[in-house]
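The residues making up each chain are set out below.
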Amino acid sequence: MKAEEILEGAKTIAVVGLSRDPAKAAHGVPAVLQAHGFRIIPVHPTATELLGEKVYRSLKDIPEPVDLVDVFRPSPEAPGIARDAVEIGAKALWLQQGIVSAEARRIAEEGGLEYVENRCTAVVRATNAISKN
């Protein structure tokens, strides 16, 4: 499945590493997705609310189904995030631009998840005019 098909099929996106800093892509990209009608669920170790949404400490703490896990963490953290994404039954794992992990790909694909790496969800959204509004 292509990146744009994965994003088109997603409604609820858990963002691992959503930043408090509005100047960072890890804040701006999820904000853009939210503005285009995607449900954003922030995953952050210490924040309590980001983008007006309740923050969860880990993927496993999210009490609702997740379509896509969008990752803004360093590549070495990706395999653990992939394991959690498989465990919660997410449909896809997406590593943002600059993040690559052969191990995360293997874990995700063996777990039945669609997989994208080294791509920006906001760029794919804009290029393909994907919106949930």
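Procedures and definitions
Residues numbered from 1 in each chain as written. Predicted model: local features only at pLDDT ≥ 70, side-chain atom pairs only at ≥ 80, totals over all residues. Heavy atoms only, no water. Helix = DSSP H or I, 4+ residues; strand = E, 2+ residues; numbered from the N terminus. Contact = heavy atoms within 4.5 Å. Buried < 20%, exposed > 50% of the residue type's maximum accessible area, 1.4 Å probe, protein only. Lys, Arg positive; Asp, Glu negative; His and termini not counted. Salt bridge = Lys/Arg side-chain N within 4 Å of Asp/Glu carboxyl O. Polar contact = N/O pair within 3.5 Å; in protein donor to acceptor, adjacent residues only side chain to side chain. Pairing = 2+ DSSP bridges. Axes fitted to C-alpha atoms, helices over the stretch in contact; angles between N-to-C directions. UniProt positions renumbered as here; feature names shortened; annotations may be inferred. 1 Å grid on protein atoms, 1.4 Å probe; cavity = no way out; pocket = protein on both sides within 12 Å on 5 of 7 lines; lining within 4 Å. Points joined across faces, edges and corners; volume = space filled by probe spheres on them. Nonpolar A, V, L, I, M, F, W, Y, C, P; charged D, E, K, R; others polar. Parallel < 35°, antiparallel > 145°, perpendicular 65-115°, else oblique.

What follows is about the environment of V71. The topology assignment puts V71 in strand β5 (residues 68-71). For the pair V71 and G112, spaced 41 residues apart in sequence, the C-alpha to C-alpha distance is 18 Å. Those residues in contact with V71 that sit more than four places away from it in its chain are V16, I81, L93, W94, L95, Q96 and I99.

Now for helix α3 (residues 78-87). Within α3, burial applies to A78, P79, I81, A82, D84 and A85. Positive backbone phi, approximately 80 degrees, marks G89, located one or two places after α3.

Relative to the elements of secondary structure, H27 occurs in helix α2 (residues 25-35). For H27, the contacting residues outside a window of four places in its chain are L18, S19, R20, D21, P22 and L51.

Once that is clear, we can look at the side chain of D70. For D70, the position within the fold is in strand β5. Buried within the structure, D70 lacks any salt-bridge partner; its nearest side chain of opposite charge belongs to R125, at an N-O separation of 11 Å. Here T121 takes part through its side chain, which lies 3.2 Å from a polar atom of the side chain of D70.

Turning to the sheet that holds strand β1 (residues 12-16), a few remarks are in order. Here we have five strands laid out as an open sheet, ordered β2-β1-β5-β6-β7, and parallel in their pairing. Both outer strands of the open sheet, β2 (39-43) and β7 (114-116), are each paired with one neighbouring strand and no more. Taking the axes of each pair of neighbouring strands and ignoring which way they run, one obtains an average angle of 20 degrees across the sheet. Here β5 pairs with strand β6 (residues 92-95) via four bridges, running parallel. Pairing of L68 across the sheet is with A92, part of β6. The sheet contacts of α2 involve β1, β2 and β5, and relative to β2 the element is tilted by about 155 degrees. Contacts between α3 and the sheet are confined to β1, β5 and β6, with β6 contributing the most and set at about 160 degrees to the helix.

This next bit is on the UniProt feature "domain: CoA-binding" (unreviewed entry) in the protein chain. Mapped onto this numbering, the UniProt entry gives "domain: CoA-binding" (unreviewed entry) at residues 7-99. In residues 7-99, helix accounts for 26% and strand for 24%; the two terminal C-alpha atoms are 18 Å from one another.

Let's shift gears to the layout of surface pockets. There is about 220 Å³ of room inside the largest pocket. Of the residues assigned to the lining of the largest pocket, the class counts are seven nonpolar, four polar and four charged.

What follows covers the packing of α3 against helix α4 (residues 102-110). Two elements in contact, α3 and α4, have axes separated by 8 Å at closest approach and are oriented at 10 degrees. The angle between the axes of α3 and α4 places the two elements in the roughly parallel class. Listed contacts from α4 to A78, P79, A82, R83 and V86 of α3 are E103, A104, I107 and A108. Grouping the amino acids of the contact of α3 with α4 by side-chain chemistry returns seven nonpolar, no polar and two charged.

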